[in-house]
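# Fold and geometry: a report
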Amino acid sequence: MAEVLVVVEASQASGVKKVTLEMLTIARTLGSPSAVVFGDAAALAGKLGEYGAEKIYAASGDDVENYLVAPKATAVAELIRSVQPAAVLLGSTQEGKEIAGRLAVKLDNGLLVDAVEVAADGTATQVVFAGSTIVKSKVTKGLPIITIRPNSVTPAPQPATPAVEQLTVAVTEADKLTKVVERVAEQKGSRPELSEASIVVSGGRGVGNADNFKLVEETADLLGAAVGASRAAVDSGYYPHQFQVGQTGKTVSPQLYLALGISGAIQHRAGMQTSKTIVAVNKDPEAPIFELADFGVVGDLFKVVPQANDEIRKRK
Amino acid sequence: MNIVVLVKQVPDSGAERTLSAGDNTVERSSANNVINEMDEYAIEEALKIKEAHGGEVTVLTMGPERATESIRKALSMGPDKAVHITDEALHGSCAVATSKVLAAALGTLNADLILCGAESTDGRVQVMPHMLAERLGVAALTGARKLTVDGSQLTAERQTDEGYEVVTAATPAVVSVWDTINEPRYPSFKGIMAAKKKPVQTLTLAELGVAADEVGFAGATSAVVEFAKRPPRSAGTKITDEGAAGEQLVAYLAAEKFV
């Protein structure tokens, strides 16, 4: 069976990201999964094997890791030329998409981004235009290079014992034009990552100020959720931009999306419309968020949410 | 500094958008077409750099005839001139082909700095800056929330899931920006009037030396096979707080096994 390359998304703090396990799960339906790791493969091998990686290719060293994206694309392109995989899957993250873009140019190959499903023949399903339209697309030139949106499939384990093969990457001078001089991890405590969380609790303009976001965070922590924010809340300085959900922020697709004080402008809906269950609290009965909410509460969030938080504590 | 800003005309993301039933491309003829919002931040950044360091700002757009409206709108913010790549053969072009055409045009413009929005609101693909950097052999600094120019040295802060990265490169370079980088100016009346007289050069594929079969449907590297409207979500239960809504909400969450 032909290999399917899965470009691993991982972080130092939390190891292999969930989207990687989703990609391995999809890859198994397309061929034999081979994981491509940048950095220390040993720390990740256990998890990658658990979800079916038959092989691990690892590329590490300053030349690969200390420059922006280009050396990684060079490494994957070399690997594609040598192993002739059936497909290449990457995460729909900034870096995943950027590597995919460079691969497409290097190989004069098509690419598809933000797939939520990939059929055995390589046809990808995408949800576009603020969640309003479902598209099926195919790469028509070269092999399928597809980025997978987090929270698209349920990762299913299938144990394998992958051997690790160290790659020697011929990084060119052109790959070393953009240097990463500093990587700063910002404090976000033990909360799950926004795009991968199974529950997201978001606050909007109705939260009123930055201090009040503690209430949103409290609910999130009680539910083991990530915290999100609407653009109105971010623009007003209530919460940092990296937590913004919607058109110019993150797209999330959790099991539960709890919208607090969010009116539900189309640009916000663009980022959360595919959530499985949507619950909203808003004082305006006409707020468009109620059109999508499976359970809506018309009321003052400063009364409803503290009461809900107490009730969750009681039930725990 | 010679700055080129990439500007894309897109259907208004605040309105209903669709694909065309005929050829599965983005429906633009019936849409309210506007400048891709994120590109306005790129224009603003270009103007700020010009104001601080001198130079010239050129808007570069690939798109049909009607993209002229967006070019004039962009020029009304303050750029000096524009280049409009327009050719019927471009209809249906994929990202790979688009990058080929833009790179060919950029090759004639001799830019020190190529600025663009981090993504467009229609495709949200985010690949163009790195595709262009790959083709042109220049640096790419993507997703900047802050950009510092010191002579030919560029430093950008780029948002990541974990925090942020500081990246540096020398010009020439492609820099894409998020909407957190600045606050775009509104065009003044004077700016709107001046924009009408600013030079807009149009370029065809032949003038760029790109063959028609390398772009459009003929040269596409991917295709939309089919599309369908996603069934709209229907509203579920809606209650009005009469003192116990918090408890009712948690009862719902418990019934759905979230608590």
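Residues numbered from 1 in each chain as written. Chains lettered and ligands numbered in written order. Predicted model: local features only at pLDDT ≥ 70, side-chain atom pairs only at ≥ 80, totals over all residues.

Put simply, the test is: UniProt positions are given in the numbering used here, feature names are shortened, and annotations may be inferred rather than shown by experiment.
If you look chain B up in an unreviewed UniProt entry, it shows as Electron transfer flavoprotein subunit beta from Actinoplanes nipponensis. Per UniProt, the comment on chain B under Sequence similarities (unreviewed entry) is "Belongs to the ETF beta-subunit/FixA family." The UniProt entry for chain B carries the following comment under Function (unreviewed entry): "The electron transfer flavoprotein serves as a specific electron acceptor for other dehydrogenases. It transfers the electrons to the main respiratory chain via ETF-ubiquinone oxidoreductase (ETF dehydrogenase)."

In the nomenclature of an unreviewed UniProt entry, chain A is known as Electron transfer flavoprotein subunit alpha of Actinoplanes nipponensis. Within the UniProt record for chain A, the comment given under Subunit (unreviewed entry) is "Heterodimer of an alpha and a beta subunit." Under Sequence similarities (unreviewed entry), UniProt gives the following word-for-word description of chain A: "Belongs to the ETF alpha-subunit/FixB family."

### Thoughts on the overall build of chain B
Note the cut-off: We count a stretch as a helix when DSSP gives it H or I for four or more residues in a row; a strand needs E for two or more, and each element gets its number in order from the N terminus. Exposure classes come from backbone-placed C-beta atoms, where a residue is buried if 20 or more other C-beta atoms lie within 10 Å of its own, exposed if 12 or fewer do, and partly exposed in between.
For chain B, the helix and strand inventory stands at 8 helices and 13 strands. Over its C-alpha atoms, taken along the principal directions, chain B stretches across nearly 65 × 45 × 40 Å. The burial tally for chain B puts 47% of its 259 residues in the buried class.

### Quick notes on the sheet that holds strand S5 (residues 81-85) of chain B
Quick reminder of the rule: Only when DSSP finds a minimum of two bridges between them are two strands counted as paired. Fitting a line to C-alpha atoms yields each axis, with helices limited to the stretch in contact; the angle taken between N-to-C directions then spans 0 to 180 degrees.
Here we have 10 strands laid out as an open sheet, ordered S12(A)-S9(B)-S8(B)-S7(B)-S10(B)-S6(B)-S1(B)-S4(B)-S5(B)-S11(B), and mixed in their pairing. Whereas interior strands pair on both sides, the edge strands pair on one side only; in this sheet they are strand S12 (179-185) of chain A together with strand S11 (200-203) of chain B. Pairwise comparison of adjacent strand axes, ignoring direction, gives a mean angle of 30° for this sheet. Here S12(A) pairs with strand S9 (residues 163-170) of chain B via 6 bridges, running antiparallel. From the neighbouring strand, A:Lys179 faces S9(B), where its bridge partner is B:Thr168.

### A closer look at the pairing of S5(B)
Residues and elements named next belong to chain B. Operational definition: Seen with the strands pointing away from the viewer, any crossover whose path from the first strand over the helix to the second strand runs clockwise is right-handed.
With 4 of 5 residues buried, S5 is to be regarded as a mostly interior element. Relative to S5, strand S4 (residues 56-62) runs parallel, the two being bridged by 5 bridges. When the bridges of S5 are listed, Met62 appears paired with Ile85. Following the backbone out of S4, through helix H2 (residues 68-77) and into the adjacent parallel S5, one traces a crossover that is right-handed. Bridge analysis of S5 against S11 gives 4 bridges, and the strand direction is parallel. Residue pairing across strands places Ala82 opposite Val200, the latter belonging to S11.

### Notes on unusual backbone geometry
Residue and element names in this part refer to chain B. With an omega dihedral of 0°, the bond running from Thr171 to Pro172 counts as a cis peptide bond. You can see Pro172 is positioned in the loop between S9 and strand S10 (173-177). Unlike most non-glycine residues, Lys257 shows phi in positive territory, near 70°. Overall, the presence of 8 C-beta atoms within 10 Å leaves Lys257 in the exposed class.

### Some points on the environment of A:Val36
All names here are of chain A. We count it as follows: Whether two residues are in contact depends on their C-beta atoms, placed from the backbone: they are in contact if these lie within 7 Å.
The residue Val36 is located in strand S4 (residues 32-38) in this model. Note on Val36: 26 C-beta atoms within 10 Å, which makes it buried. When the C-alpha atoms of Val36 and Thr147 are compared, they prove to be 14 Å apart, with 111 residues separating the residues in sequence. Apart from the residues within four sequence positions on either side, Val36 is in contact with Leu5, Val6, Val7, Val8, Tyr57, Val76 and Leu79.

### Describing the interface of chain A and chain B
Rules: Lys, Arg, Asp and Glu make up the charged group, whereas Ala, Val, Leu, Ile, Met, Phe, Trp, Tyr, Cys and Pro make up the nonpolar group; the residues left over, Gly among them, are polar.
Contact with chain A, which involves 76 residues of that partner, is made by 66 residues of chain B. Broken down by secondary-structure element, the contributors of at least two residues to the side of chain A that touches chain B are helix H5 (94-107), strand S7 (112-118), strand S9 (133-139), S12, helix H8 (266-269), strand S16 (277-282), strand S17 (295-298) and helix H9 (301-315) of chain A. Per element, the largest residue contribution to the side of chain A that touches chain B is 9 residues, and it comes from H5(A). Class assignment of the residues belonging to the side of chain A that touches chain B gives a composition of 35 nonpolar, 22 polar and 19 charged.

### Side note on the nonpolar core
Stated precisely, the cut-off is as follows: Core membership is restricted to buried Ala, Val, Leu, Ile, Met, Phe, Trp, Tyr and Cys residues, and these are joined into a nonpolar core through C-beta atoms within 7 Å.
In this structure, A:Val6, A:Val76, A:Leu89, B:Val5 and B:Val175 are the most contacted members of the largest nonpolar core, which totals 129 residues. Element by element, the count of residues in this core is highest for helix H3 (residues 95-109) of chain B, at 7 residues. The residues touching A:Leu89, leaving out its near neighbours within four places in the chain, are A:Val4, A:Val6, A:Met23, A:Ile26, A:Ala27, A:Ile146 and A:Ile148. By size, the runner-up hydrophobic cluster in this structure holds 51 residues, among which are A:Ile199, A:Phe213, A:Leu292 and A:Leu301.

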